[in-house]
Amino acid sequence: MKKSAASLLVLLIACGDRNEFWDTPLGSPQVIGLEGSVALIDAPADRAFLLRRRGDQLLRQVVPVGRNLVASAATPDRRRVALLAAGDAVQDEPDDPAPQLTLLDAPASGDATVRVFPLEVQHSGVALDPRGEFAVVHAAPNAESGWQLAENPNELIFFDLRTGAHVTRSLRSFGGKPKRFTFTPPLGLPGGARRLLIVETEQDLAFIDLEHLDRPEISVRLTSGLDARVVRPEGVVFDDGDPQRDDDTRVAVRVDGGGDVITLTLQPAPNTPNGFTPFINLASVGGTVSDLSFVQTDAGLRVAALVPAARKAVLIEPDTSRTVDVDLGASLSKISLAGGDPNATTASAAGDVALLYGAEGSSSVGFWSFRQAPERPYRTVEILPLPSAVGAVYTLAGRPNARIAVGASSLFVLDLEQRTASPLSTAAGARLHVAADGGRMWVYQPNGTELAAIDAVGLGLARVQLQRTFSSVFDVADEGGGRSLFAVDANSGGAVTVVDALNPNPAEQLHAAGLFLTDAP
Amino acid sequence: MKISIRAMSAVVIAATWSSWGCGGMDSAYSDGESAGAGDRSPGSGAPLPEPAPPGEEIEAESLYEAPVATGHSIWVANPKSGRVAHIDAATLTVSTIDAGDGPSHLAGVPGRAGDAVIVLNERSQDATLIERTEGGARRSTYPTAAHANSWAVARSGRFAVAWADARLEPGAPETEGFQELTVLDLSTGSSTLLAVGYRPLSVGFDAGETRAHAVTQDGIVSIDLTGGQPVLLDNVPLSDDPLGDNPLTRDVTVTPDGAYALVRRDGEAAIDVLRLGDGARVRVDVPAPVSDLDLQADGTRAVAVLRDTSQIAVLPVPAIFDAPTDFELVDVPERTVASVVLAPATDLALLYTNATPVKSLTLVPLASPAELRTVRLYSPVLGVFAAPSGRNAVVLHSTSAEGLAAFSVVRLDQPLPARIAATEAPPFAVALTDEHAVVAERDDRRGVFAAQIATLETLAVARFPLASPPLAAGIVADLRRAYVSQAHPDGRITFFDLDTGASRTLTGFELGARVVDGTTQGETP
């Protein structure tokens, strides 16, 4: 199809004055599945197409997204998308496209609302709050293009998406640059519940009060300064503790450069701008930690740390740094807590079983009943060998005790409660899309025409043959009820095939093609 | 290095307990006398004098020394970073303060405007006085003699003496006399180096702080503090035959007013009493060899234990100097006793032995010895620690061959049964106030570390496992918090709420001090 676009280009090249859009390669447009639509980013034309279905109609909304799109982010509920455009590299004319942040609010039905926030200087990264209340524009050089001409890596622009207000501030730096952002839900902190942004730099942590952006951040330096060793944060988890208390919010940090887990208790500090200060603890776990989670055990709150090289998990008591080793019998690097409320802010709301999976070369998963592990660390893990290594694990909406584990040529529906693994064989290179409603999964091969619809509960399988090739699929809500599968071939000038997702009927397919070639500037 | 940490700490405990009249240990470490007042706050305690087995290593080598507490402040030196960590026991916030090169040995300094400590900097051969005030930390530096590793601080806080305890340097050659000590006048900022006798064993001050004295292997040297600069006075020999007197088999105890010294020698049925003002010496003969000697905190009475005859001799001080035969002998019938601890603020002498596996503690009211009482215990005694009020005591029991250990809490003021509490590892450190006791357990080989907290009024005991080997224990009484510092490369201390038992551990003193919250930098440059 690229060839078609090229032909079209040749055909039109003699048409005189024209927009540079026509000279821009199509590249690999980005596709974002939303709750009730699919967004196809037509970057050369500085626009996005939002496609949704209403009955037999395929509705289209065209949204300008700015020049030179460099980053995007979507909320987990797929209702809000942030698109960051760098604008023209050289701003020598007043009308030259300037840097901007575009925010799309895409409801389950109806047109998306669009908000545009002009930016004064170019930036390369955007982090979007999972709750959709805040966005942070920052520097995030990509491997291909590197930094913008000049960027202050510690400058952050905070957008309060509830009010539209924005604040620019530079993080206090001790040589590090931000590399990861974690937005917390409201936490019970001294002075009242509020949300925090935890910024991981290359060697520090920073806590920023999202409700009081005028307050200075709290910087936690992870290097002792006694030698040249650099301790890099590699991920944070948090727990709000007892809802009735405001002094027991905890954050755990896994680090690169030592076998330590750092736990921080946010305790009252009345005479400080933020009203709290981190109380630091280190726990030695005897190896590099690959994943962390707070877990609620019968002995109280613990941090569960996986140490794949030692084939063990370590339970850390955050108040005392006492540790208990749990022999896993396998090298497992990821932890996924079962059950409970996925939006809960404390481990006590989660279940008491965790799925352990995914380490290089490991073809096992583990079901870990951690409740009694601090007192009885033996016989709490059941290892389930699988035919192939698990590369990714998906959750299913509405089924907190189920996980989909994807291997090289198979996938497994894991029941954490029953400790079963139901295998489904897939062709090599197949991809998986899990419907947001948790009802079904779609298995397909990019650039093919065939799909397999798998019922997530009964594992019933149905084949769906489409009339056109596609590169990715999205199971989205229809306006007025029902769900549709959008099969998108973004490389062919913007083509999409749509079928009913709940009762796919190959005879009833909707098509749209050449989207990127329509309404050209 | 690892062993030296324990060995160093081991001596500190003897100083700690005798400073505060909290009893002592029936061991080689009872040899020394008080290292001076003000070196620790009441309720603090360092490791017990249990030498590490050869080759034993601390699991996580700590960069930090054992802490010192002053008021609500807990201070820990880090020789590697050159800083002293200050932990506010009320808020548990940490800050670090630059000291000299290689800060190690700390002592609290009373009488200053704020909490203050003085720390020896081993590599830069000086000492840093650190005072915390509302305005921040104030530091001043004093040159000190080489090898200094111990402190004696006067009760007023005006004078401090840095000296070298050869027992902390076990590999030192015989030609190293450790004879230099440094007298610091913290009111004038002066520092004076003086040479005393061979290998000092203890340093102290008289009650009026007009003199300091150093007990050495050559005798007791007095230092005049009344002039503008400290001046060496005479050396009072402890024996007429200095070549025949083995300094390693004798105890020397100096009275609080610095006027007299009492000398006990192993196997000798006599006590020498020296008048330090003129060097006069009197021999007090007793019916049997003296196995232990303790001096009452106010210096008015000394008790000598005569193991072979099951007796104690109660010597009035200083009257015994003029009337060496005029003392009271008290029989302790049918009891084997070899050691004595005088309970402070009472007239009770606590008698026991750890030379043989005896399971009892005998309490003798010195005012009415006939009313002696024996408390039955359920394990052999290792050592006894009396609370400051003298109403309670903690008895540590010997570790059995099977590795079983325990301690007992004894009510001294009431004839109640002793409360024994088993430990899972040998007791390593004890801290004691009138209300609570903290006993830290430590077994590096098995990785068993814990703190047990006893409520003395109710005799209730609760055990709290620790994450790493304890180094020292203490109690900040008015905050109702206990703490146990632990060996950890980044520094670790666990605080316990004495009312609720809730614990909180702080690990990473340097990191804790480097939190920047928008108000302070944390570190004081």
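Our structure's up above, just so we're on the same page.
The text that follows walks through the structure, step by step, so that each part is easy to find.

With that settled, the discussion passes to the packing of aromatic side chains. Counted under the stated rule, the structure contains seven aromatic pairs over all chains. Where Tyr444(A) meets Phe470(A), the ring centres are 5.8 Å apart and the plane angle is 50°; that geometry is what we call tilted. Of this pair, Tyr444(A) sits in strand β34 (residues 440-444) while Phe470(A) sits in strand β36 (residues 461-470), and the two are 26 residues apart along the sequence. Across the pair, Phe470(A) and Tyr444(A) agree in class, each one buried. Judged by centre distance (5.1 Å) and plane angle (45°), the rings of Phe464(B) and Phe496(B) are tilted. Residue Phe464(B) is located in strand β38 (residues 460-465), and its partner Phe496(B) is located in strand β41 (residues 492-497); the two are separated by 32 residues in the primary sequence. Summarising the burial analysis for this pair, Phe464(B) and Phe496(B) share the class buried. Its end group placed over the ring of Phe174(A), Arg221(A) keeps NZ or CZ at 3.9 Å from the ring centre. Note that Arg504(B) overlies the ring of Phe279(A), its terminal NZ or CZ placed 5.1 Å from the centroid.

All right, on to the pairing of strand β18 (residues 231-236) of chain B then. Regular strands have side chains that alternate between both faces of the sheet. Strand direction decides the pairing type here: strand β17 (residues 219-224) of chain B and β18(B), joined by four bridges, are antiparallel. What sits directly across from Asp224(B), in β18(B), is Val231(B).

Counting residues at the interface gives 31 residues for chain B and 34 residues for chain A. For the pair chain B and chain A, the summed buried surface comes to about 2,600 Å²; carbon and sulfur atoms form 53% of the total. The largest per-residue losses of area from chain B upon contact with chain A belong to Arg504(B), Leu511(B) and Arg514(B), which jointly make up 27% of the total buried on that side. Summed over the shared surface of chain B and chain A, the result is zero salt bridges. For the pair chain B and chain A, the interface holds ten residue pairs in polar contact (both at pLDDT 80 or more).

Once that is clear, we can look at the nonpolar core. Counting 22 residues, the largest nonpolar core has Leu205(A), Phe207(A), Val220(A), Val253(A), Ile262(A) and Leu264(A) as the members making the most contacts within it. Elements that contribute at least two residues to this core include exactly β14 (196-201), β15 (204-209), β16 (218-221), β18 (249-256), β19 (260-268) and β20 (276-284) of chain A. Look past the residues within four positions of Leu264(A) in its chain and what remains in contact with it is Leu205(A), Phe207(A), Val220(A), Thr249(A), Arg250(A), Val251(A), Val253(A), Pro278(A), Phe279(A) and Ile280(A). Grouped together as the second largest cluster of nonpolar side chains are 20 residues, Val290(B), Leu293(B), Leu295(B) and Leu315(B) included.

Cis geometry marks the peptide bond from Val317(B) to Pro318(B), where omega comes out at 10°. For Pro318(B), the location among the structural elements is in the loop between β25 (311-316) and α2 (319-322). In this model, Arg311(A) sits at a positive phi of 50°, which is unusual for a non-glycine residue. Topologically, Arg311(A) is positioned in the loop between β22 (300-307) and β23 (312-316). Residue class for Arg311(A) comes out partly exposed when judged on its relative accessible area of 43%. Here the phi dihedral of Arg419(A) falls at roughly 60°; this positive angle occurs in a residue that is not glycine. Summarising the element assignment, Arg419(A) is placed in the loop between β31 (410-415) and β32 (420-425). Its relative accessible area of 22% is what places Arg419(A) among the partly exposed residues.

A separate point is the sheet that holds strand β13 (residues 178-183) of chain A. Hydrogen bonding along the main chain pairs the strands of a sheet, whether they run parallel or antiparallel. All names here are of chain A. Ordered by their spatial adjacency, four strands build an open sheet running β13-β14-β15-β16, and the pairing between neighbours is antiparallel. Taken across any chain shown, the strands that pair with only one partner, and hence form the sheet edges, are β13 and β16. In this sheet, neighbouring strand axes are inclined to one another by 20° on average, regardless of whether the strands run parallel or antiparallel. Here β15 pairs with β16 via four bridges, running antiparallel. When the sheet's bridge partners are listed, Ala 206 is paired in β16 with Ser 219.

The next subject is the sheet that holds β36(A). Residues and elements named next belong to chain A. Overall, antiparallel pairing links the four strands, which are arranged β33-β34-β35-β36 in an open sheet. At either margin of the open sheet sits one strand with a lone partner, and together these are β33 (431-434) and β36. Neighbour-to-neighbour, the strand axes of this sheet turn through a mean angle of 25°, independent of strand direction. Pairing of β34 with strand β35 (residues 448-455) involves five bridges; the strand directions are antiparallel. Bridge assignment links Tyr 444 to a residue of β35, and that residue is Leu 451.

Residue and element names in this part refer to chain B. For strand β36 (residues 436-443), the buried fraction is high: eight of the eight residues fall into the buried class. Side chains His 436, Val 438, Ala 440 and Arg 442 of β36 all project onto a buried face; the interleaved residues Ala 437, Val 439, Glu 441 and Asp 443 project onto the opposite face, where all are buried too. Pairing analysis gives five bridges linking strand β35 (residues 427-432) to β36, with the strands arranged antiparallel. Opposite Leu 432, over in β36, you have Ala 437 as the bridge partner. The hairpin turn running from β35 into β36, its antiparallel successor, is three residues long. Sheet topology note: the β36/strand β37 (residues 448-455) ladder contains eight bridges and is antiparallel. Residue pairing in the sheet places Asp 443 in a bridge with Val 448 of β37. Connecting the antiparallel pair β36 and β37 is a turn made up of four residues, with Gly 447 showing a positive phi of about 70°.

It is worth spelling out the pattern of salt bridges at this point. Residues and elements named next belong to chain A. Using the criterion set out here, one finds 53 salt bridges over all chains in the structure. The partner of Asp 209 in a salt bridge is Arg 215, with the nearest N and O atoms 3.4 Å apart. The class of Arg 215 is partly exposed, set by a relative accessible area of 24%. Several salt bridges converge on common partners, so that one network encompasses Arg 52, Arg 54, Asp 111 and Glu 479.

Moving on: the side chain of Glu479(A). All names here are of chain A. The residue Glu 479 is located in the loop between β37 (472-477) and β38 (483-489) in this model. A residue is classified by how much of its surface remains accessible, and Glu 479, at 14% relative accessible area, is buried. Separated by 3.0 Å, the side chains of Glu 479 and Arg 54 make a polar contact. Among all residues touching Glu 479, those that are not within four sequence positions of it are Arg 52, Arg 53, Arg 54, Leu 59, Ala 108, Ser 109 and Gly 110.

Take the side chain of Asp272(B) next. Residue and element names in this part refer to chain B. Mapped onto the elements, Asp 272 comes out in strand β21 (residues 270-275). Given a relative accessible area of 4%, Asp 272 falls into the buried group. One polar contact links Asp 272 to Arg 265, side chain to side chain, over a distance of 2.8 Å. Within the structure, Asp 272 has its side chain in polar contact with the side chain of Arg 283 (distance 3.0 Å).

This part covers the environment of His213(B). With respect to the helices and strands, His213(B) occurs in strand β16 (residues 211-216). On a C-alpha basis, the gap between His213(B) and Gly258(B) in space is 7.5 Å, while along the polypeptide they are 45 residues apart.

Once that is clear, we can look at the environment of Pro387(A). Residue and element names in this part refer to chain A. Looking at where Pro 387 falls in the secondary structure, it is placed in the loop between β28 (381-385) and β29 (392-396). A residue is classified by how much of its surface remains accessible, and Pro 387, at 71% relative accessible area, is exposed. Linking Pro 387 and Trp 368, residues 19 residues apart in sequence, is a C-alpha distance of 20 Å.

Definitions and limits used
- Residues numbered from 1 in each chain as written.
- Chains lettered and ligands numbered in written order.
- Predicted model: local features only at pLDDT ≥ 70, side-chain atom pairs only at ≥ 80, totals over all residues.
- Heavy atoms only, no water.
- Phe/Tyr/Trp six-rings, centres within 6.5 Å; stacked < 30°, edge-to-face > 60°.
- Helix = DSSP H or I, 4+ residues; strand = E, 2+ residues; numbered from the N terminus.
- Buried < 20%, exposed > 50% of the residue type's maximum accessible area, 1.4 Å probe, protein only.
- Lys NZ or Arg CZ within 6 Å of the ring centre and 35° of its normal.
- Pairing = 2+ DSSP bridges.
- Contact = heavy atoms within 4.5 Å.
- Buried area = accessible area lost by both parts, 1.4 Å probe.
- Salt bridge = Lys/Arg side-chain N within 4 Å of Asp/Glu carboxyl O.
- Polar contact = N/O pair within 3.5 Å; in protein donor to acceptor, adjacent residues only side chain to side chain.
- Core = buried A, V, L, I, M, F, W, Y, C linked by side-chain atoms within 4.5 Å.
- Axes fitted to C-alpha atoms, helices over the stretch in contact; angles between N-to-C directions.

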